[in-house]
Amino acid sequence: MKKIIGIFLPLSLLLCALFSGCGLLLPSPEETTAHTWISIPSVWGSLTAPPETTTETTVTSPPETTTQTTTTAPPPSLLSDITPAGSLGNSFYVPCAALEKHNSPRISLFGEDLLAHSVIFDGERYFTLISVISLYDGGELASLRLDSDFCMVRTGDGEIGVCMPFEGKVMIYDGELNLRREFDLPPSNGSWYLSPDLTLVYSVDWDTGLTLFDLQMGTSEELIPGAKNLYVATELPDQLSLSYIDPETLRYTGVNIDLATGLFRSIPVSGDVISATCHDGTWLIGSGQGWGNYYYVTPEEKCTAYWSENALKLLTHSGRLATWDNAMRELDLYDPYGSYISTCRLPQNDEAYVGMDLLWSEFWNGYFLTDNTPQGARLVFWDISAPLEHEDLELVPYTEDDPIGTAAERALYERAHEMSLRYGIEIMISDKCALDYVDFTASRQDDPIEITKALDTLESAFSAYPDGFLAQLSYGSIECIRVEIVTELLPKDTGLYSESYSAFAHEGTDRYLVVMETETVYEGTVYHEFAHIIDRKLEWNSYYTENALFSEEAWLSHQPEGFEFAYTYGETSVDIYDPAYDAWFVKPYSRRYPTEDRATLMEEAMIQNSYIFAEKPGLAEKLAFYSACIRDCFNTEGWPPTAKWETVLTQSN
């Protein structure tokens, strides 16, 4: 669907008035309902009186039908010398020498003015340049150079706050960039973010978590005790979105902080997120499931959006949506429902890119942004009133994946779904399987006899684990285990793997995928592949849990003296076949990787080959250690005194 949107007077008419020499700024149609002539709005009310040479020009009194008063102040001159930027006729370069001194600056509104800051290299060292720039005429009102290449700057009510976490400094400046207050905090390798009133500092550190410093009280508080891998997903003047590993679940979670109120808002999407922005109850969330996947969540519904290029953003001043293309030369603007509004397209330049800061100006009815080039930054004005034609942004209502397909018998889909709910994993059959995987391809299995046999195998295998065990295999960003039942499972790289496979396991972004071939899979295969997932769970737990029993180093300490794993699936030396090591391994394949050692060990234990552990005391010792590691990592409430994989140890004794 295409739309043409144009609800304001195009800037081209306004420019005609400016360039014709009349000296008057024409009103927009929206303003003519109350005014015949436009005066300087209240936002400009505190501007310094114009030079004497301009005071002789007066504005004619408005007609009697209006109540607008006259003014002797001239219109702002910021856009008087603009030049077109791009071919659409709605974007313009604004002469602004103060901004052109900056290198890829961040910009924000500071009262009636513009605040810009950037890191610059002067040939000898890096420094941060901060400038206050007039949005009346583009002149520089104040500037400041700080000898630091990592400063976090934000505006307050008539003041400017600067955080220097590496140096442990917070400085508060007035509008003329005179230092008013200075605070010393413990230096940090993280990032610091000031509240809008410049009294609170949120310190975000990958290792130490989230700490709140009260500058007035001189106090500090740990806000998310035990959080690990804490990083900023989205940073805006009014909010901060964080992603971190929850210390209780050891899974990624997210939180959004309203910097003005300190309110914590749970992000309404589970798992890892790459971005999250909230506006009046509406969320735009970049999903950790993959680049370009977004959730758009309103109070009424949840939608999905896919934008594979550079960025899709929710603008908190209006709830509008904006996109950036991969070349960073074109922006598209949409209303909160995805309906097209306007495009800003700058000339192609491989060395330049559009800045990510969009500053809305009610007075000019458009956005200010930066065009960043190696020669410096240029100020751009984007008039969104000019009518243009473009596709709308597609927002698709979100629906849960229907587990019932059409290619196989319905009863088989229903059985797979019931097993999924019972064991806490996803089981997919027939046309619900992907078939094209990272390293493998497969064909769809529609034969009801083969599917039934595979489901029987899975049911027998899954019931052997303690209740709730499989649901506990989630960790980090892995939300669920997904099992797909296929046929003709073949490797893509036939040079490395020349034979068909019974199964494989692959760690994705939010799912751990296990694919099984119906003709060759048996219970031992299930146990083997799920042992690889147990391995990743143990490894993850050991990394984030102090004094965890399992570690790769601990496992290697249980190997025979002088032995080394091959660490390859390809050709290797005959050492892995050395019979001197037989008492510690199930078979030679176990000696390729430590992960295969543990997978073959669990496979034999789960199929109850107790004799092999009776004959191989070194193998039994490793199983005893591995069993202890599993109990150390998992919640064992409701488990039997002896899990199935542990029974072979008592039988072998």
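Residues numbered from 1 in each chain as written. Predicted model: local features only at pLDDT ≥ 70, side-chain atom pairs only at ≥ 80, totals over all residues. Heavy atoms only, no water.

**Examining the layout of surface pockets**
- Its boundaries defined by the atoms lining it, the largest pocket holds a volume of some 1,400 Å³.
- Residue lining of the largest pocket: 50 residues in total, with Arg-106, Glu-235, Leu-236, Pro-237 and Asp-357 positioned closest to the centre.
- Elements with a minimum of two residues in the lining of the largest pocket: strand S4 (106–110), strand S5 (113–121), strand S8 (152–155), strand S12 (191–194), strand S16 (228–236), strand S20 (273–279), strand S24 (311–314) and strand S29 (359–361).
- It is S16 that contributes the most residues to the lining of the largest pocket, five residues altogether.
- Split by residue class, the lining of the largest pocket holds 31 nonpolar, twelve polar and seven charged.
- A volume near 1,100 Å³ is recorded for the second largest pocket. (1 Å grid on protein atoms, 1.4 Å probe; cavity = no way out; pocket = protein on both sides within 12 Å on 5 of 7 lines; lining within 4 Å. Points joined across faces, edges and corners; volume = space filled by probe spheres on them. Helix = DSSP H or I, 4+ residues; strand = E, 2+ residues; numbered from the N terminus. Nonpolar A, V, L, I, M, F, W, Y, C, P; charged D, E, K, R; others polar.)

**Observations concerning the confidence of the model for the protein**
- Summarising the model, the protein shows a mean pLDDT of 85, and 86% of its residues fall at 70 or more.
- Ignoring residues within four places in sequence, the model shows residues 1–71, a span with pLDDT below 50, making 101 contacts including any to other chains. (pLDDT = per-residue confidence, 0-100. Contact = heavy atoms within 4.5 Å.)

**Here's the deal with the packing of aromatic side chains**
- Inspection of every chain in the model, using the stated rule, returns 34 aromatic pairs.
- Between Tyr-543 and Tyr-544, the ring centres sit 4.7 Å apart and the planes meet at 80°, which makes this aromatic pair edge-to-face.
- When its relative accessible area of 63% is taken as the criterion, Tyr-543 is described as exposed.
- Taking the centre distance of 6.0 Å and the plane angle of 90° together, the rings of Trp-639 and Trp-645 count as edge-to-face. For the pair Trp-639 and Trp-645, one class covers both residues: buried.
- Put simply, the rings of Phe-563, Phe-565, Tyr-567, Tyr-569, Tyr-581, Phe-585, Tyr-589 and Tyr-593 pair up and form one aromatic cluster.
- Across the ring face of Tyr-93, the terminal group of Arg-378 is positioned such that the distance to the ring centre comes to 3.6 Å.
- Over the face of the ring belonging to Phe-585 we find Lys-622, whose NZ or CZ atom lies 3.9 Å from the ring centre. (Phe/Tyr/Trp six-rings, centres within 6.5 Å; stacked < 30°, edge-to-face > 60°. Buried < 20%, exposed > 50% of the residue type's maximum accessible area, 1.4 Å probe, protein only. Lys NZ or Arg CZ within 6 Å of the ring centre and 35° of its normal.)

**What to know about the side chain of Thr-373**
- As for its position among the elements, Thr-373 is in strand S30 (residues 366–373).
- On the basis of relative accessible area, Thr-373 is assigned to the buried category, the value being 13%.
- Of note is the side chain of Thr-373, whose polar atom sits 2.7 Å from the backbone oxygen of Gly-376.
- With residues near it in sequence (within four places) discarded, Thr-373 still touches Glu-351 and Ala-352. (Polar contact = N/O pair within 3.5 Å; in protein donor to acceptor, adjacent residues only side chain to side chain.)

**As for the sheet that holds strand S11 (residues 179–184)**
- What the four strands build is an open sheet, ordered S8-S9-S10-S11; its pairing is antiparallel. Looking at the sheet topology across the chains shown, the edges are occupied by S8 and S11. On average, each strand axis in the sheet is inclined to that of its neighbour by 15°, with strand direction left out of account.
- In terms of strand pairing, strand S10 (residues 169–174) meets S11 through five bridges, oriented antiparallel. Residue pairing for S11: Ile-172 is matched across the bridge by Arg-181. (Pairing = 2+ DSSP bridges. Axes fitted to C-alpha atoms, helices over the stretch in contact; angles between N-to-C directions.)

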